Amino acid sequence: MSAEVIRPAELIQRKRDGEELTDAEISALILGYAKGEIPDYQLAAFCMAVFFRGLNPRETFALTDAMIRSGETIDLGAALGRKVVDKHSTGGVGDKTSLAVGPIVAACGVPLGKMSGRGLGHTGGTLDKLEAIPGYRVELGLDEFIAQVKDVGIAIVGQTADLVPADKLLYALRDVTATVDQLSLIAASIMSKKLAAGAQAIVLDVKVGDGAFMKTVDDARRLAEAMISLGHHAGREVVCLLTDMDQPLGAAVGNALEVREALHTVQGRGPADFTELVMDACARLLALSDLGIDLEEGRRRAEQAVADGSAEAKWRQWIAAQGGDPDESALETAPVIREVRATTGGVVEELGAIRVATAALHLGAGRRTKADTIDHAVGVVCHVKRGAEVAAGDLLAEVHARTDEAASVAVADVLAAYVIGNGFARERNVLLDVVD
Ligand code: URA
């Protein structure tokens, strides 16, 4: 069925009225859109109908499948002759997990070839963070990408234009039509990219809380189940970690600052919550790999790679292979660094992820529109996190800014992110649950 024989307005109307669409209808709509035969305004209306009515599991798979068929697919496993693993996060504030997980897993002998995206919204995406490393090339040709994964064991690049072009178009449309945070649309968007990139086993980090698309554990579990079901349907193994995004992950929020923190974590001196998540994700990837080891042994090997320096050596080899300078000293620093100090004593009951992200965005660490350029040097470092006891005047955080004026605004924003009271901070581990 093609765009000539479906009437998009009729499909929009049927979905609006809560009816199910057939696989062929969904396929025609998505492929017609990817070819430019169906206009943005009709897909925008369709996304809004889906936002209110949802898609059932069959429709969600049909959507995912159509998005995959809109472009090329890669069989990285066949190219490497190995079982390939991948990880993906639904996105959160201070989320630099892939930067630390990649070299640790590769140092343990498991190849990781990852295609990542840029961030819109509050802070940069993985690619923006990597571009904070002077010289790092995010665009490798497919052959170069595969050769590097073979030779070095790791490559992290930008998603090629040929891979799931329908998602690129649809995501940009959803972003400006308030239709991003719909479970089936998120599941299809993430899984189409993961399935098209060819990994046989995938660890998904589903963020939950203030700074995430999914605000509650129940919603996050539903998203996890939808993505696992899509993976199984396509014959892939999928494990989902549900992780806390009520406060920023780790301490650093901002591109070069996050690269630095990822390197420190690979060196074994990262913040506790971030290190815990990185080690758990590494253990799960190693347990899913072709090494034939269990979770406990995976964890032991990941910790060993950090302790014996092989993970850091892999970091250096990887960054250099992609043209970057692997030294921490090469990262740009901001000209203005301002301390944020507590105005009152008590317990940090909350550290609002969105407020910290908004401060970082205003400093220039993220994009408001696709055309914005990112200032890699700026951001926020939260030295104190939820649950800590502080006295008035204690250092809470640092703001890294381009100008004094920007620093003053950000200091006030960051201070407002800290809720300091006399009550108890809610106990919440970084790892909330695992769905597999
Ligand atoms: N990340 C994606 O890749 N797609 C979504 O829809 C949401 C988060």
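Residues numbered from 1 in each chain as written. Predicted model: local features only at pLDDT ≥ 70, side-chain atom pairs only at ≥ 80, totals over all residues. Heavy atoms only, no water.

- Checking UniProt for the protein chain, the heading Subunit (unreviewed entry) contains the comment "Homodimer."
- Word for word, the UniProt comment on the protein chain under Sequence similarities (unreviewed entry) is "Belongs to the thymidine/pyrimidine-nucleoside phosphorylase family." (UniProt positions renumbered as here; feature names shortened; annotations may be inferred.)

Focus on the nonpolar core
Link 1 in the chain: Counting 80 residues, the largest nonpolar core has Ile 104, Trp 315, Trp 318, Val 399 and Tyr 418 as its most contacted members.
Link 2 in the chain: A per-element tally of this core places helix H13 (residues 272-288) first, with nine residues.
Link 3 in the chain: When residues of this core are sorted by domain, at least three fall in each of domain 2 (76-329) and domain 3 (333-421).
Link 4 in the chain: Apart from residues lying up to four places away in sequence, Trp 318 is in contact with Leu 99, Pro 103, Leu 130, Tyr 136, Gln 148, Val 152, Ile 154, Ala 155 and Ile 156.
Link 5 in the chain: One finds Phe 145, Ile 146, Leu 170 and Val 208 within the second-largest nonpolar core, a separate group that totals 64 residues. (Core = buried A, V, L, I, M, F, W, Y, C linked by side-chain atoms within 4.5 Å. Buried < 20%, exposed > 50% of the residue type's maximum accessible area, 1.4 Å probe, protein only. Helix = DSSP H or I, 4+ residues; strand = E, 2+ residues; numbered from the N terminus. Domains from an automatic or database assignment. Contact = heavy atoms within 4.5 Å.)

Some remarks on the environment of Ile 293
Link 1 in the chain: Its location among the elements puts Ile 293 in the loop between H13 and helix H14 (295-307).
Link 2 in the chain: Under the relative-accessibility criterion, Ile 293 is labelled buried at 12%.
Link 3 in the chain: In the structure, Ile 293 is positioned 10 residues away from Ala 283 in sequence and 9.5 Å away in space, judged by C-alpha atoms.
Link 4 in the chain: Residue contacts for Ile 293: discarding those within four places in its chain leaves Leu 286, Ala 287, Gly 298 and Arg 301.

Points about the sheet that holds strand S7 (residues 336-341)
Link 1 in the chain: Spatially, four strands are ordered S6-S9-S11-S7 in an open sheet, and the strand pairing comes out antiparallel. The two strands at the open ends of the sheet, each matched to only one other strand, are strand S6 (252-253) and S7.
Link 2 in the chain: Bridge analysis of strand S9 (residues 379-382) against strand S11 (residues 395-401) gives four bridges, and the strand direction is antiparallel. Bridging from a neighbouring strand, Cys 382 pairs with Ala 397 of S11.
Link 3 in the chain: Of the strands in this sheet, S6, S9 and S11 are in contact with helix H16 (residues 353-363), which crosses S9 at around 145°. (Pairing = 2+ DSSP bridges. Axes fitted to C-alpha atoms, helices over the stretch in contact; angles between N-to-C directions.)

So, the site of the ligand
Link 1 in the chain: Near the ligand, the surroundings consist of Thr 90, Tyr 171, Arg 174, Ile 186, Ser 189, Ile 190, Lys 193 and Phe 213.
Link 2 in the chain: With respect to the ligand, the side chain of Arg 174 contributes an N or O atom lying 2.9 Å from an oxygen atom.
Link 3 in the chain: Here a nitrogen atom of the ligand sits 2.6 Å away from a polar atom, N or O, in the side chain of Ser 189.
Link 4 in the chain: Relative to its unbound accessible area of 240 Å², the ligand is 91% covered by the protein chains. (Near = heavy atom within 4 Å. Polar contact = N/O pair within 3.5 Å; in protein donor to acceptor, adjacent residues only side chain to side chain. Areas by Shrake-Rupley, 256 points an atom, 1.4 Å probe, with all protein chains shown as cover.)

As for the packing of helix H2 (residues 23-34) against helix H9 (residues 165-175)
Link 1 in the chain: Running from amino to carboxyl end, H2 crosses H9 at an angle of 90°, the nearest separation of the two axes being 9 Å. As judged from the angle between their axes, H2 and H9 are roughly perpendicular. Where H2 abuts H9, its residues Ile 30, Tyr 33 and Ala 34 lie against Ala 166, Leu 169, Leu 170 and Leu 173.
Link 2 in the chain: Of the residues belonging to the contact of H2 with H9, the class tally is seven nonpolar, no polar and no charged. (Parallel < 35°, antiparallel > 145°, perpendicular 65-115°, else oblique. Nonpolar A, V, L, I, M, F, W, Y, C, P; charged D, E, K, R; others polar.)

Quick look at the sheet that holds strand S4 (residues 201-208)
Link 1 in the chain: The strand order across the open sheet formed by four strands is S1-S4-S5-S13, and the pairing between neighbours is mixed. The outermost strands of the open sheet, each flanked by one partner alone, are strand S1 (85-89) and strand S13 (431-435). Here the average twist between neighbouring strands, direction ignored, is 20°.
Link 2 in the chain: Of the strand pairs in this sheet, S4 and strand S5 (residues 237-244) are connected by eight bridges, and their pairing is parallel. Following the sheet pairing, Lys 207 is matched in S5 by Thr 243.
Link 3 in the chain: Packing of helix H11 (residues 217-233) onto the sheet brings it into contact with S4, S5 and S13, and relative to S5 it is tilted by some 165°.

Looking at the pattern of salt bridges
Note on pairing: side chains with opposite charge can pair once their charged atoms come close.
Link 1 in the chain: Throughout the structure, instances matching the rule amount to 37 salt bridges.
Link 2 in the chain: In this structure, Arg 82 engages Asp 290 in a salt bridge whose closest nitrogen and oxygen atoms are separated by 2.7 Å. Here Arg 82, found in the loop between helix H5 (76-80) and S1, pairs with Asp 290, found in the loop between H13 and H14; they are 208 residues apart in sequence, far enough to count as distant.
Link 3 in the chain: One salt bridge in this structure joins Arg 299 and Glu 303, with 2.9 Å as the shortest N-O distance. Remark: Glu 303 and Arg 299 occur in helix H14; sequence separation between them is four residues, near one turn of the helix.
Link 4 in the chain: A relative accessible area of 23% means that Arg 299 is categorised as partly exposed.
Link 5 in the chain: The class of Glu 303 is partly exposed, set by a relative accessible area of 38%.
Link 6 in the chain: When salt bridges that share partners are traced, they join Glu 10, Arg 14, Glu 19 and Glu 25 into one network. (Salt bridge = Lys/Arg side-chain N within 4 Å of Asp/Glu carboxyl O.)

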